[in-house]
Amino acid sequence: MESSAVKKTTIRAIGNSSGATIPKALLEKYNFHEGDTVFLLETENGILLSPYDPDFESAMEFYQDASKKYRNALKELAK
């Protein structure tokens, strides 16, 4: 990892939990906004913060399969 990609933050108390602030430049770069849901994934190298929702991907795969199988029915329902 290049040193310019490493950002330092502090974990702070937030109610009964703790949280870390994300620098504005990174929020803008990754299109994160206040109130967004993010997911934490443990990796070999630490924690990955991502907007990626594995449940949403699973639902989209189900939709893709169903939309092919029931294409005609969905076309009729769309009328």
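Values in this document were obtained by computation on a predicted structure and should not be read as measured data.

Novice: Describe the overall build of the protein, naming the residues involved and giving the relevant values.
Specialist: On a plain count of helices and strands, the protein comes out with three helices and four strands. When the helices and strands of the protein are placed in sequence order, the string is β-β-α-β-β-α-α. Over its C-alpha trace the protein gives a radius of gyration of 19 Å, far above what one expects of a compact globule, namely 12 Å for 79 residues. On the principal axes, the C-alpha backbone points of the protein span a range of 55 × 30 × 25 Å. Counting across all 79 residues of the protein, residues that qualify as buried make up 6%.

Novice: Any details on the pattern of salt bridges? Residues and values, ideally.
Specialist: Taken as a whole, this structure holds two salt bridges when the rule is applied. Across the pair glutamate 28 and lysine 24 runs a salt bridge, and its minimum N-O distance is 3.9 Å. Taken as a pair, glutamate 28 and lysine 24 lie in helix H1 (residues 24–29) at a separation of four residues, close to a single helical turn. As far as the burial class goes, glutamate 28 and lysine 24 line up, both exposed. Lysine 79 serves as the salt-bridge partner of glutamate 76, at 3.1 Å between the closest nitrogen and oxygen.

Novice: Give me unusual backbone geometry: which residues, what numbers.
Specialist: Phi at asparagine 31 takes a positive value of approximately 60°, unusual for a residue other than glycine. With respect to the helices, strands and loops of the structure, asparagine 31 is situated in the loop between H1 and strand S3 (39–43).

Novice: Let's hear about the pairing of strand S1 (residues 11–14): which residues, and what values?
Specialist: Regular strands show a simple pattern: their side chains alternate between the two faces of the sheet. Pairing analysis gives four bridges linking S1 to strand S2 (residues 17–20), with the strands arranged antiparallel. Pairing of isoleucine 14 across the sheet is with serine 17, part of S2. What sits between the antiparallel neighbours S1 and S2 is a turn of two residues, in which glycine 15 has the positive phi angle 65°.

Novice: Before we move on, could you go through the pairing of strand S4 (residues 46–50) and cite the residues and values that matter?
Specialist: Sheet analysis places S3 next to S4, joined by five bridges and oriented antiparallel. Across the sheet, phenylalanine 39 pairs through a bridge with serine 50, a residue of S4. If you look at the hairpin formed by S3 and S4, you'll find two residues sitting between the two strands.

About the thresholds
- Residues numbered from 1 in each chain as written.
- Predicted model: local features only at pLDDT ≥ 70, side-chain atom pairs only at ≥ 80, totals over all residues.
- Heavy atoms only, no water.
- Helix = DSSP H or I, 4+ residues; strand = E, 2+ residues; numbered from the N terminus.
- Rg over C-alpha atoms; globule rule 2.2 N^0.38 Å.
- Buried < 20%, exposed > 50% of the residue type's maximum accessible area, 1.4 Å probe, protein only.
- Salt bridge = Lys/Arg side-chain N within 4 Å of Asp/Glu carboxyl O.
- Pairing = 2+ DSSP bridges.

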